[in-house]
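Results of the structural survey
Here's the letter readout for the chains.
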Amino acid sequence: MATPHFSDLVRVFGRIGLISFGGPAGQIALMHREVVDERGWIEEDAYLRALNFCHLLPGPEAQQLATYVGWRLHGLKGGLAAGLLFVLPGAVVMLGLSLLYAYAAGLGWFDALFLGIKAAVLAIVVQALIRIGSRALNTRFKVALAALSFVALFFFDLPFPLVVLGAGAIGMVVAAARPEWLRLKPVNGPPPPARRGAMLVASLRAALGWGAVWAAPMVLIWIILGPDHTLFRIGAFFSQLAVVTFGGAYAVLAYMAQEAVQSYHWLSAGEMADGLGLAETTPGPLILVTQFVGFLGAFRAPEPFTPLVAGLIGGALTTWVTFAPCFLWIFAFAPWIERLEHARKLQGGLAALTAAVVGVIANLTVWFAHHVLFARVDEQRIGAARLYIPDWTTLDGKAALLALLAAALLFRTKLGILRVLGICALAGLAFLLAG
């Protein structure tokens, strides 16, 4: 395989970053076509090994795969170029949309647009639940694990990290005792020989270096503004989120939404749905919705800055602590990729975690449905269990009709997400004009 010139790598990943719509599946397919099929920069087997490895990591797998491809071709500078170019176009677009949202929210036409977007987001999350569930739940054990995860989150309010990491631990045990329950793929051949000492030293250096990069803005904010400032809380929360974002953006959205809305009060549940709708319209990872949350949280508690300056800092900080860990994982662990796929317990943990993610997304779906369709949702406690009970007299008929329209467009006509969002937004405007 011929190593491309660095300028060619920059040009290709710059284009990928601009057109990488359609979620991780589409982004991974686009990269495969560009770097494997058309240019032959990476062998098919190496690409698939790297993809499997990235599924083991917290964070957006497509962005981490881009970083790995760049690292494999041009080392550190290649990984930085490919990873940053994959994220920056979407981050710039998301920042502009966050600015527009912050200043235009409350206007009649703007709210009507986002009524349609919220309803479309509900249908999009349902589609994601069905798509991921049909792929991940291929044994009865996995179905049971998904159901238990949903019950733990929705009815007992257990912490999201505990649920997903607990599922991973269960999977590691089951992989050793009952591997057929997880239907693990067979491993071909023994692991390749390696200089473990040198690899370990390189990994430690990368982890320490990128750990310092990750922490640098948080240390600066702590010194200047203190640990009680909103910016520090935003950075700390999204740093924690970066460590537990297994299973893709949809899996972590429920946890992020509930914490940002109910614990920190940075935004409302409806605004959280709006942010996801905006993230669906931008290139790059869907997890860029975190930038929207960080922007609004800082924008609404700006002291000692102006709202605009605080929002810009909050959005930039959130993006930093979300994606700096991605570079840490890749640069620290990429040399181990070919050995990790032989770790059966690790593969079992990932398989169980993926099954649990289906329950996590089901929790997100029900949570969004309550807050998009009803103006009031009551919470009741029965012992350790928590129940959400919507007030049916507050059902938003327009939102329900728009959600049904979005579902019909997605499931019957098979329209793409961007078109569905656009049609539903225009339909929301039409309701406003019709009075």
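The present account deals with the structure reproduced in this document.

How each quantity is defined
- Residues numbered from 1 in each chain as written.
- Predicted model: local features only at pLDDT ≥ 70, side-chain atom pairs only at ≥ 80, totals over all residues.
- Heavy atoms only, no water.
- Helix = DSSP H or I, 4+ residues; strand = E, 2+ residues; numbered from the N terminus.
- Rg over C-alpha atoms; globule rule 2.2 N^0.38 Å.
- Buried < 20%, exposed > 50% of the residue type's maximum accessible area, 1.4 Å probe, protein only.
- 1 Å grid on protein atoms, 1.4 Å probe; cavity = no way out; pocket = protein on both sides within 12 Å on 5 of 7 lines; lining within 4 Å.
- Points joined across faces, edges and corners; volume = space filled by probe spheres on them.
- Axes fitted to C-alpha atoms, helices over the stretch in contact; angles between N-to-C directions.
- Left-handed = near helix turned anticlockwise from the far one by under 90°.
- Contact = heavy atoms within 4.5 Å.
- Nonpolar A, V, L, I, M, F, W, Y, C, P; charged D, E, K, R; others polar.
- Phe/Tyr/Trp six-rings, centres within 6.5 Å; stacked < 30°, edge-to-face > 60°.
- Lys NZ or Arg CZ within 6 Å of the ring centre and 35° of its normal.
- Expected span 1.5 Å × (residues − 1).
- Core = buried A, V, L, I, M, F, W, Y, C linked by side-chain atoms within 4.5 Å.

Turning next to the overall build of the chain. Scanning the chain from terminus to terminus reveals 17 helices and two strands. Relative to its length of 435 residues, the chain is compact, with a C-alpha radius of gyration of 22 Å against a globular reference of 22 Å. Once the C-alpha set of the chain is aligned to its principal axes, its extents read approximately 70 × 50 × 45 Å. Within the chain, the proportion of its 435 residues that are buried is 53%.

Another aspect to go through is empty space enclosed by the protein. Applying the stated criterion across every chain yields a total of two cavities of 30 Å³ or more. Looking at the largest cavity, its volume works out to about 70 Å³. Counting only elements with at least two residues in the lining of the largest cavity, the list comes to helix 9 (230-244) and helix 13 (307-333). For the lining of the largest cavity, the leading source of residues is helix 13, giving four residues.

Looking now at the packing of helix 12 (residues 289-299) against helix 13. In contact at an axis separation of 7 Å, helix 12 and helix 13 are set at 145° when each is read in the N-to-C sense. Remark: the crossing between helix 12 and helix 13 carries right-handed chirality. Here helix 12 contributes Thr290, Gln291, Gly294, Phe295, Ala298 and Phe299 to the contact with helix 13, which in turn contributes Pro307, Leu308, Ala310, Gly311, Leu312, Gly314, Gly315, Thr318, Thr319 and Thr322. Residues of the contact of helix 12 with helix 13, tallied by class, amount to seven nonpolar, nine polar and no charged.

With that out of the way, let us pick up the packing of aromatic side chains. Following the criterion strictly, the structure yields 26 aromatic pairs and no others. Between the aromatic rings of Tyr101 and Phe110, the centroid separation amounts to 5.6 Å while the plane-to-plane angle is 65°, which identifies the pairing as edge-to-face. Tyr101 gets classed as buried once you look at its relative accessible area, which sits at 4%. We classify Phe110 as buried; its relative accessible area is 3%. The interplanar angle of 20° and the centroid separation of 5.8 Å between the aromatic rings of Phe295 and Phe299 together place this pair among those described as stacked. Linking Phe295 with Phe299, this pair stays in helix 12, spanning four residues, or about one helical turn. The same class applies to Phe295 and to Phe299, which are both buried. Pairwise contacts between aromatic rings join Phe160, Phe237, Phe238, Tyr255, Tyr264 and Trp266 into one cluster. Its end group placed over the ring of Trp41, Arg39 keeps NZ or CZ at 5.8 Å from the ring centre. Sitting over the face of the ring of Phe6, Lys77 holds its NZ or CZ atom 4.6 Å from the ring centroid.

Omega for the peptide link from Glu303 to Pro304 comes to 5°, which places this bond in the cis form. By secondary structure assignment, the location of Pro304 is in the loop between helix 12 and helix 13. Even without being glycine, His265 reaches a positive phi, approximately 60°. Structurally, His265 is set in the loop between helix 10 (249-263) and helix 11 (269-280). Classification of His265 by relative accessible area gives exposed; the value is 60%. The residue Lys414 is not glycine, and still its phi comes out positive at about 60°. Inspection of the secondary structure puts Lys414 in the loop between helix 16 (397-411) and helix 17 (417-434). For Lys414, a relative accessible area of 63% translates into the label exposed.

In this structure, the second largest pocket encloses a volume near 340 Å³. Lining the second largest pocket are 17 residues, with Leu56, Leu57, Pro58, Phe246 and Leu346 positioned closest to its centre. Taken together, the elements giving at least two residues each to the lining of the second largest pocket come down to helix 3 (44-56), helix 7 (160-177), helix 13 and helix 15 (344-373).

Take helix 7 next. Taking 1.5 Å as the rise per residue, helix 7 with 18 residues should run 26 Å; its terminal C-alpha atoms sit 26 Å apart, in good agreement. Of all the positions in helix 7, only Phe160, Pro161, Val163, Val164, Ala167, Gly168, Gly171, Val174 and Ala175 are classed as buried. Looking at the buried residues of helix 7, the elements they touch are helix 6 (140-154), helix 9, helix 10 and helix 15.

Among the nonpolar cores identified, the biggest contains 134 residues, and Tyr250, Met272 and Phe368 are the most heavily contacted of them. In this structure, Phe368 is in contact with Val121, Leu122, Val125, Ala269, Met272, Ala273 and Leu276, ignoring residues within four places of it in sequence.

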